[in-house]
Amino acid sequence: MSFKRLRAEPENGGERKKQLKREVAELNPSLLEAKERVSEAWSRGFEYSEEQGLLVSCQPFTHCVIPGFIQSQLFLTGLQNELLQLNFHEKSNDLYKFKQSDDLRRRKEYHISALRKILYEDFRKWLSDISGVKLESTVDISCAQYEYTDVLLCHDDELEGRRIAFILYLVPEWQASDGGTLDLYDADDHYQPQKITKSLTPSWNTLVFFEVSPVSHHQHSLLNASPAQVSEVLVEGKCRLSVSGWFYGPALERPPRYIESFSPRMPHITCDEEILYEWINPIYMNMTTQADIQEQFEEKSEILLKNFFRKEKFQMVCEALSDPKIKWKRRGPANKRCYDQAEEDGLPDILAKSSGDDNREEDGQQDELEISGGNEHACSSTGKDEKSDSTHPEGNKTGGVTIETTEKATRGDSPPKPGVPVCCGELRQWKNGYYTLIHDTNVENTEFALDLLFSCGCEGWDEEFGGVTSYIAKAEDEELLTLCPEDNALALIYRDKETLKFVKHVNQRSITQFNRKHKERGFWDFSFMYYE
């Protein structure tokens with residue numbers, strides 16, 4: 001009996017050795033066979049493909065797709081199991097929502113270590129040869145999980161030394177209709193993303209890579225001025241698992257960042273105050289109520305005025321917003337924003353009046369400035385005790401509130417003088433896939449401002465749908481304030497130069513839950529910014 005057990009142990013040990021041998025990670029040998037052809041296509045910028053699926057494409061920028069990247073399916077199954085056992089952290093801000101592991105560079109699990117060795121050694125040498133870039137041994141590598149409504153929007157990361165980005169997919173059977181595609185954008189003369197020209201659907205054991213460049217915008221991984229994105233995952237019950245990262249090399253010279261011009265600003269224009277009484281809920285026209293609002297606003301720097309318009313006026317606005325004659329224009333570029341903006345031409349009269357698009361601010365601008373006063377408030381990352389460097393207009397002051405005495409302006413006047421309040425704004429429509437992003441070239445964030453938001457058509461809207469306006473302090477992730485769209489509620493927020501805002505991506509839940517009860521897709525809002 002003892003003798004048989006001794007013989008059985010080596011046999012089991014042999015099985016374990018045989019199993020480990022089967023799990024050795026090796027690159028697909030076809031990569032070496034195709035290296036010269038891939039290199040020629042990469043350097044000369046032309047298309048190349050093989051029957052097995054390997055593809056080099058130069059549109060909209062040069063990238064390569066390698067199906068069957070790792071030779072052993074047994075190894076891949078082991079790798080997938082190890083990755084799913086890692087601790088993942090929720091990542092959520094203006095740009096993305098997904099789960100990410102810690103850095104994989106120091107993980108000691110067998111399969112993860114073996115994959116890292118392949119990437120650092122054999123594949124890095126192959127990449128250097130075909131791209132002509134001397135890649136360093138430094139490689140960033142992590143694992144990401146994208147599930148229902150997760151997304152990574154179009155952006156550029158501009159980090160020094162990143163030269164090649166890669167993504168290895170370990171997904172179940174996946175269709176384009178499931179979402180989670182790697183969307184590639186073309187770019188204009190300012191290197192700004194224009195439109196999606198190619199979408200790559202994830203597939204098991206497929207690796208995609210491309211050189212980080214000023215025109216390689218995508219919507220997937222964080223790349224240097226590379227326009228692309230990971231489209232929203234639209235299917236429940238599936239996990240889009242991937243390993244991604246960057247190879248580093250000599251830094252490229254980058255073009256200067258494109259800075260957009262200021263939005264047109266209009267000076268305050270007086271008009272008959274009777275229109276305020278026609279439109280605004282009488283409770284807000286009461287002097288005592290206004291004093292209470294002012295006190296609360298000066299304390300918190302933000303306030304939400306519910307049922308702001310008279311019910312019949314608000315209903316008229318909502319009906320007008322459904323007018324098919326309204327011309328909507330998509331606002332971009334995608335690395336900064338994506339939503340529809342109403343054009344003034346053809347805007348129904350009632351919407352022009354409510355938004356001030358007929359070059360009158362309906363004295364609403366005056367009212368908001370009187371409510372806000374001119375003080376620094378709590379929704380400012382610099383704090384209450386610091387003073388604004390904005391110039392206050394001359395006028396009569398009562399209880400810390402500035403009462404404006406500006407003269408009537410006319411169309412074609414010269415730009416407003418310092419101290420004269422000005423305003424810019426727009427009527428926006430929000431649907432699934434729309435958002436705004438924080439970007440360091442936003443000139444609108446260089447001044448103190450009073451923000452006004454007024455939403456329509458959002459009864460029953462939930463924060464989990466997205467479309468929420470968030471305020472954060474510059475270089476911080478913690479939200480100072482979030483505003484969920486609410487029908488007939490006017491929000492006023494005073495912000496300083498260190499406070500940034502964005503609208504969270506409107507996700508698939510807005511269709512599957514909200515639109516079951518509404519004919520409209522999404523909602524509308526009037527967004528205005530007032531400056532002194």
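This text follows the structure it describes.
Values in this document were obtained by computation on a predicted structure and should not be read as measured data. (Residues numbered from 1 in each chain as written. Predicted model: local features only at pLDDT ≥ 70, side-chain atom pairs only at ≥ 80, totals over all residues. Heavy atoms only, no water.)

A. Here's a closer look at helix α5 (residues 110-131). For α5, built from 22 residues, the straight-helix expectation of 32 Å at 1.5 Å per residue is met to within 8% by its first-to-last C-alpha distance of 30 Å. Taken as a whole, α5 carries its principal kink of about 40° at Phe123. Looking at the residues trailing α5, positive phi occurs at Gly132, about 75°. (Helix = DSSP H or I, 4+ residues; strand = E, 2+ residues; numbered from the N terminus. Expected span 1.5 Å × (residues − 1). Bend = angle between axes of the 7 residues up to and from the residue.)

B. Structural detail: the packing of aromatic side chains. The full count for this structure, using the stated rule, is 21 aromatic pairs. The interplanar angle of 80° and the centroid separation of 6.0 Å between the aromatic rings of Phe123 and Phe209 together place this pair among those described as edge-to-face. Placement of the pair is Phe123 in helix α5 and Phe209 in strand β11 (residues 206-211), with a sequence separation of 86 residues. Centroid distance Trp126 to Phe209: 6.1 Å. Interplanar angle 85°. Geometry classified as edge-to-face. One end of the pair, Trp126, is in helix α5; the other, Phe209, is in strand β11, with 83 residues separating them in the sequence. There is no split in this pair, since Trp126 and Phe209 are both buried. Taken together through their ring pairs, the aromatic side chains of Trp42, Phe69, Phe123, Trp126, Phe166, Phe209 and Phe247 make up a single cluster. One cation-aromatic arrangement involves Lys238 over Trp174; the distance from NZ or CZ to the ring centre is 5.5 Å. The ring of Tyr531 carries the charged tip of Arg265 above its face, separated from the ring centre by 3.7 Å. (Phe/Tyr/Trp six-rings, centres within 6.5 Å; stacked < 30°, edge-to-face > 60°. Buried < 20%, exposed > 50% of the residue type's maximum accessible area, 1.4 Å probe, protein only. Lys NZ or Arg CZ within 6 Å of the ring centre and 35° of its normal.)

C. Summary view of the state of the cysteines. Evaluation of the coordinates by the stated rule reveals 0 disulfides. Left without a disulfide partner, Cys458 is nearest to the cysteine sulfur of Cys456, which lies 7.2 Å away. Judged by relative accessible area, Cys458 falls into the buried class, the value being 2%. (Disulfide = S-S within 2.5 Å.)

D. The nonpolar core, seen in detail. Counting 46 residues, the largest nonpolar core has Ile66, Phe69, Leu83, Phe123 and Phe209 as the members making the most contacts within it. Of all the secondary structure elements, the ones that give two or more residues to this core are α3 (35-44), β3 (63-66), α4 (73-84), α5, β6 (139-146), β8 (162-169), β11 and β14 (240-248). Ranked by residue count, the leading element in this core is α5, at 10 residues. Counting residues in hydrophobic clusters, the runner-up holds 43 residues, among them Val151, Tyr169, Leu182 and Val230. (Core = buried A, V, L, I, M, F, W, Y, C linked by side-chain atoms within 4.5 Å.)

E. Quick peek at the environment of Ile164. With respect to the secondary-structure elements, Ile164 resides in strand β8. As for Ile164 and His63, which are separated by 101 residues in sequence, their C-alpha atoms are 9.8 Å apart. In contact with Ile164, not counting residues within four places along its chain, are Leu127, Leu135, Phe209, Phe210, Glu211, Val212, Gly245, Trp246 and Phe247. (Contact = heavy atoms within 4.5 Å.)

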